[in-house]
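Structural description and commentary
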Amino acid sequence: MRARSGSGGDGPLPRFAAAFPFTAIVGQERLKRALVLNAVNPRIGGVLIRGERGTAKSTAARALAALLPEIDVVRACAFGCHPDQPRTWCTQCHERAEHAGGLPRTHRRTPFVDLPVSATEDRVVGTLDIERAIQEGERHFEPGVLAASNRGVLYVDEVNLLDDHVVDLLLDAAATGVNVVEREGVSFRHPARFILIGTMNPEEGDLRPQLLDRFGLCVDIHSIHEPRARMLIMERNLAYESDPEGFCEEWQAKEQALSAEIRAARRLLPEARHTPSDLRTIAAVMSELGVDGHRPDLVVLKASLAQASLQGRPFLVEQDILLAAELALPHRLRRHPLTEAETSLGDLSARLGEACAQDGAEGGEEIGSDRIEVGGKKKDS
Ligand SMILES: [Zn+2]
């Protein structure tokens with residue numbers, strides 16, 4: 001595991017070695033939107049990114065973690081417990097608080113954890129040392145990947161090559177936000193809320209449909225064919241390679257602006273409300289498209305509310321719902337013949353286009369540096 005954050009270290013962590021800025025990624029609007037919505041509400045259930053090698057998959061995941069705000073944590077807690085949310089605390093923090101009366105706090109960067117494809121169950125969930133518990137009467141828990149990624153980003157490259165059982169564990173934790181390890185009557189629990197980002201190259205094998213469905217959102221990404229955009233990709237990559245620090249500095253204002261938008265959306269989200277009519281719209285869209293099961297409807301609702309919060313609105317408009325559906329459906333229409341799935345997604349984009357035109361808005365499509373700047377002028381998409 002290449003954990004980018006110390007577990008339980010005190011004080012702010014050193015900055016990432018100049019990760020490529022999120023807002024400098026050219027195009028890939030759906031991908032950026034899916035990631036940002038999960039940053040606003042990790043309970044949406046993560047993002048599965050499907051696409052060939054050489055697209056911006058891992059760059060975008062790393063960049064997301066780098067722009068997320070610092071988090072308040074309990075000092076010296078290996079699980080990054082939130083000092084103000086005792087209900088979610090790990091077993092150890094509960095015990096410490098009982099003895100000490102209160103817990104010291106500190107802050108640190110949002111962790112980014114990169115899970116290797118060879119990860120075992122123990123490595124993921126952590127291990128309880130039963131021998132020590134019996135001999136010394138003391139609970140000893142060795143934290144795993146779920147502990148390191150609490151309140152951060154857990155990145156799983158080539159998730160389709162990971163052991164099915166391990167994927168199951170990750171998705172369980174992502175859904176419940178807790179990791180409980182039990183052995184011979186001894187148990188340990190800790191919070192495990194993270195943004196799960198999985199990538200896969202569909203040419204190298206598929207995920208079981210049961211696992212697919214449990215990823216909240218999914219984005220299929222392709223290489224960009226628009227020549228001006230390709231030029232821009234080359235220019236930015238060259239500029240970054242020759243002077244990473246300088247390049248990041250140039251983009252810092254945009255990064256900070258997006259980071260502030262995410263922070264504001266997180267604050268607004270608990271106040272965001274849906275109406276019975278919003279639920280009717282979601283149910284109608286999903287049923288029209290022939291989506292099976294009810295989990296997708298809830299994913300769309302959560303993602304719509306996150307989308308509305310990003311726009312600074314505590315209520316939904318149709319466009320929020322369509323934008324959310326566009327991200328919640330690509331991996332859920334597979335059970336139908338491909339052409340039918342494409343037609344359905346095509347219909348959805350047509351409706352999205354209409355909704356945007358009616359609102360006279362830009363479609364909420366633009367995140368960060370979305371517009372392609374040509375010759376110093378901004379080109380509206
Ligand atoms: Zn704790």
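Calculation notes
Residues numbered from 1 in each chain as written. Predicted model: local features only at pLDDT ≥ 70, side-chain atom pairs only at ≥ 80, totals over all residues. Helix = DSSP H or I, 4+ residues; strand = E, 2+ residues; numbered from the N terminus. Buried ≥ 20, exposed ≤ 12 C-beta atoms within 10 Å, placed from the backbone. Contact = placed C-beta atoms within 7 Å. Axes fitted to C-alpha atoms, helices over the stretch in contact; angles between N-to-C directions. Parallel < 35°, antiparallel > 145°, perpendicular 65-115°, else oblique. Nonpolar A, V, L, I, M, F, W, Y, C, P; charged D, E, K, R; others polar. Pairing = 2+ DSSP bridges. Expected span 1.5 Å × (residues − 1). Arc of directions from axis to C-beta. pLDDT = per-residue confidence, 0-100.

**A few points about the overall build of the chain**
- Tallying secondary structure elements over the chain gives 14 helices and 14 strands in all.
- Counting over 381 residues, the chain shows a buried share of 41%.
- When contacts within the chain are restricted to residue pairs at least 6 apart in sequence, long-range pairs at least 24 apart make up 76% of them.

**Points about the packing of helix H1 (residues 29-40) against helix H12 (residues 295-310)**
- Their axes nearest at 9 Å, the elements H1 and H12 cross at an angle of 90 degrees. The pairing of H1 with H12 is recorded here as roughly perpendicular in orientation. Contact residues: Val36, Leu37 and Val40 in H1; Ala303, Ala306, Gln307, Ser309 and Leu310 in H12.
- Taken together, the residues that form the contact of H1 with H12 break down as 6 nonpolar, 2 polar and no charged.

**What about helix H13 (residues 318-328)?**
- Of all 11 residues that make up H13, 10 are buried, and the element is covered over most of its length.
- Gln319, Asp320, Ile321, Leu322, Leu323, Ala324, Ala325, Glu326, Leu327 and Ala328 are the residues of H13 that are buried.

**What about the pairing of strand E9 (residues 178-183)?**
- Across 6 bridges, E9 lies against strand E10 (residues 186-191) in antiparallel orientation. Paired with Val181 across the bridge in E10 is Phe188.
- What sits between the antiparallel neighbours E9 and E10 is a turn of 2 residues, in which Glu184 has the positive phi angle 45 degrees.

**Examining the environment of Ala65**
- By the secondary structure assignment, Ala65 is in helix H2 (residues 57-67).
- Under the C-beta neighbour-count criterion, Ala65 is labelled buried, with 26 such atoms within 10 Å.
- Discounting residues that sit within four places of it in the chain, Ala65 has contacts with Thr110, Phe112, Gly152 and Val153.

**What to know about the environment of Lys302**
- Mapped onto the secondary structure, Lys302 falls in helix H12.
- Sequence-wise, Lys302 and Gly45 are 257 residues apart; in three dimensions their C-alpha atoms are separated by 9.6 Å.
- Contact partners of Lys302, with chain neighbours within four places excluded, come to Asn41, Arg43 and Ile44.

**Comments concerning helix H11 (residues 276-288)**
- Here H11 contains 13 residues, and its C-alpha end-to-end distance of 18 Å stays within 8% of the 18 Å for a straight helix at 1.5 Å per residue.
- When we look at burial in H11, the residues that qualify are Asp278, Thr281, Ile282, Val285 and Met286. When H11 is viewed along its axis, its buried side chains cluster within an angular range of 120 degrees and face the same direction. With respect to the buried face of H11, the exposed residues turned more than 90 degrees away are Pro276, Ser277, Arg280, Ala284, Ser287 and Glu288.

**Things to note about unusual backbone geometry**
- If you check the backbone angles, Gln28 has positive phi at about 50 degrees while not being a glycine.
- Residue position: Gln28 is located in the loop between strand E1 (2-3) and H1.
- Despite not being glycine, Glu184 has its phi angle at roughly 45 degrees, a positive value.
- With respect to the helices and strands, the residue Glu184 is situated in the loop between E9 and E10.

**Things to note about the pairing of strand E11 (residues 195-200)**
- Burial within E11 is extensive, with 6 of its 6 residues counted as buried.
- The alternating pattern of E11 places Ile195, Ile197 and Thr199 on one face and Leu196, Gly198 and Met200 on the opposite face, and all of these are buried.
- Judged from the 4 bridges that link them, strand E2 (residues 47-51) and E11 form a sheet pairing that is parallel. Counterpart to Val47 in the pairing with E11 is Ile197.
- Pairing of strand E8 (residues 153-156) with E11 involves 4 bridges; the strand directions are parallel. Directly across from Val156, in E11, lies its bridge partner Gly198.

**A closer look at the confidence of the model for the chain**
- When pLDDT is averaged across the chain, the result is 83; 83% of the residues are at 70 or more.
- Mean pLDDT per element in the chain: strand E13 (residues 372-374) is the minimum at 35, and H12 is the maximum at 96.
- Considering only residues more than four positions removed or in separate chains, one finds that residues 1-16, a stretch of pLDDT under 50, has 41 contacts.
- Long-range and interchain partners of residues 369-381, a stretch whose pLDDT sits below 50, account for 18 contacts in this model, where long-range means more than four residues apart.

**Observations regarding the environment of Ala97**
- Mapping Ala97 onto the fold places it in helix H3 (residues 91-100).
- Its 16 C-beta neighbours within 10 Å are what place Ala97 among the partly exposed residues.
- Along the chain, Ala97 and Pro86 lie 11 residues apart, while their C-alpha atoms are 9.3 Å from each other.
- Excluding residues that lie within four positions of it along the chain, Ala97 makes contacts with Gly102 and Leu103.

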